[in-house]
Amino acid sequence: TYKLEVEANTEQDSYNHQSLTTASCNGNAPVVSQNFAQIEATTGGKVQLKEAPPKGLDLDVPVNFATSSAKRRANFQLKKLSRDQYLSAISLPSGRILVGDHLYQLMALTDLSSDLTSFDLPITLTITYLPEEVSTLNENSLIIYRYDSSVWHALSDCQLNTSNRTITCTTTQFSDFALLAEPL
């Protein structure tokens with residue numbers, strides 16, 4: 001269990017600073033690091049979770065990510081999860097290996113009790129990795145996967161840039177995400 005400070009929308013369209021405590025992550029994996037940003041649907045926005053720049057996760061949220069008036073803003077949370085504890089409880093797809101420690105839980109909270117798990121427009125995820133993280137892996141097989149309670153799904157519409165060491169994919173759903181690759 002961990003605690004996060006959030007800004008909540010009130011009926012008067014102003015903000016209330018409140019505290020939110022959420023349940024533990026899949027596999028009871030502890031959160032290693034986290035970042036969050038409140039993003040308006042009318043403007044879109046970005047949030048990053050970087051540990052050793054440039055390594056980390058960038059999230060690009062488009063304008064009108066949600067068109068419902070009740071979901072016109074959200075607190076986007078990026079959480080890096082503990083690799084060992086997570087993998088002791090959740091198996092990866094056959095023939096795939098976790099690249100470094102690129103294991104994240106993404107959430108978007110519209111208020112203190114509601115999360116937004118799907119979006120009207122795709123959200124762009126970019127993971128930047130280090131050369132040593134892929135030295136024993138087939139770099140051309142890198143793909144971001146999303147875990148859906150019991151099954152891993154490879155994201156489509158991905159762009160791998162081995163020169164900049166980035167992979168960029170889009171998703172319309174949030175959950176746990178991992179950067180996976182095939183061994184050499």
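Provided above is the structure to which this section pertains.
Per chain, the residues get numbers from 1 upward, laid out in the order the sequence is written. Local features are withheld for residues below a pLDDT of 70 in this predicted model, meaning they are given only at 70 or higher, and side-chain atom pairs are given and counted only at 80 or more; totals for whole chains, interfaces and linings count all residues. Based on all heavy atoms of the structure, the side-chain values leave hydrogens and waters out of the count.

Caption draft 1: A look at the overall build of the protein chain. Assigned secondary structure in the protein chain consists of 1 helix and 13 strands. Elements are defined by DSSP. Helices are runs of H or I of four residues or more, strands are runs of E of two residues or more, and each kind is numbered from the N terminus. Shown N-terminal to C-terminal, the secondary structure of the protein chain runs as helices and strands in the order β-β-β-β-β-β-α-β-β-β-β-β-β-β. Considering the protein chain as a whole, with its 184 residues, one finds that 44% of them fall into the buried category. Contacts between residues were defined by any pair of non-hydrogen atoms, one from each residue, lying within 4.5 Å. A fraction of 68% describes how many contacts in the protein chain between residues 6 or more apart in sequence connect residues 24 or more apart. About 8900 Å² of surface is accessible on the protein chain, with carbon and sulfur atoms providing 44% of the total. Burial classification: accessible surface area is computed with a 1.4 Å probe over protein chains only, and a residue below 20% of its type maximum counts as buried, one above 50% as exposed, and the rest as partly exposed. Computed with the Shrake-Rupley method and a 1.4 Å probe, the accessible areas treat only the protein chains shown as cover for residues.

Caption draft 2: Up close: the sheet that holds strand β13 (residues 176-183). Overall, antiparallel pairing links the 6 strands, which are arranged β3-β6-β7-β13-β9-β10 in an open sheet. Looking along the sheet, the strands with just one partner apiece sit at the ends: β3 (31-40) and β10 (151-154). Within this sheet the neighbouring strands show an average axis-to-axis angle of 30 degrees, counted without direction. In this description, strands pair whenever DSSP reports at least two bridges between them. Axis definition: a line fitted to C-alpha atoms, limited for helices to the stretch in contact. Angles are taken between N-to-C directions and run from 0 to 180 degrees.

Caption draft 3: Representation of the packing of aromatic side chains. Here a pair means two rings of Phe, Tyr or Trp (six-membered ring of Trp) with centres within 6.5 Å. Their orientation is stacked below 30 degrees between planes, edge-to-face above 60, and tilted elsewhere. What the rule picks out here adds up to 8 aromatic pairs. Aromatic side chains F174 and F177 sit 6.5 Å apart centroid to centroid with 85 degrees between the ring planes, which places their arrangement in the edge-to-face category. Residue classification places F177 among the buried positions, given a relative accessible area of 2%. Every member of this aromatic cluster is reached through a ring pair, and the members are F65, F76, F119, F174 and F177.

Caption draft 4: Expanded view of the nonpolar core. To qualify as a nonpolar core, a set must consist of buried Ala, Val, Leu, Ile, Met, Phe, Trp, Tyr and Cys residues joined through side-chain atoms within 4.5 Å. Judged by nonpolar contacts, the single largest core of 34 residues is most densely connected at L59, F65, F76, L106, I144 and F174. Within the second largest apolar cluster, 13 residues are counted, among which are A29, I90, L103 and L180.

Caption draft 5: Up close: the state of the cysteines. Two cysteine sulfurs form a disulfide in these notes if their separation is within 2.5 Å. Per the stated rule, a full pass over the model turns up 1 disulfide. One disulfide bridge connects C158 with C169, the sulfur atoms lying 2.1 Å from each other. Around the S-S axis, the bridge from C158 to C169 shows a dihedral of about 115 degrees and counts as right-handed. Residue C158 is located in the loop between β10 and β11 (159-161), and its partner C169 is located in strand β12 (residues 166-173); the two are separated by 11 residues in the primary sequence. Overall, C158 belongs to the partly exposed group, its relative accessible area being 23%. Taking the relative accessible area as the measure of exposure, C169 reaches 0% and is therefore buried.

Caption draft 6: Summary view of the sheet that holds β11. The sheet built from 5 strands is open, its strands ordered β4-β5-β8-β12-β11 with antiparallel pairing. Every interior strand has two partners, whereas the edge strands, β4 (45-50) and β11, have only one. Within this sheet the neighbouring strands show an average axis-to-axis angle of 20 degrees, counted without direction.

Any functional reading would require information that these geometric values do not contain.
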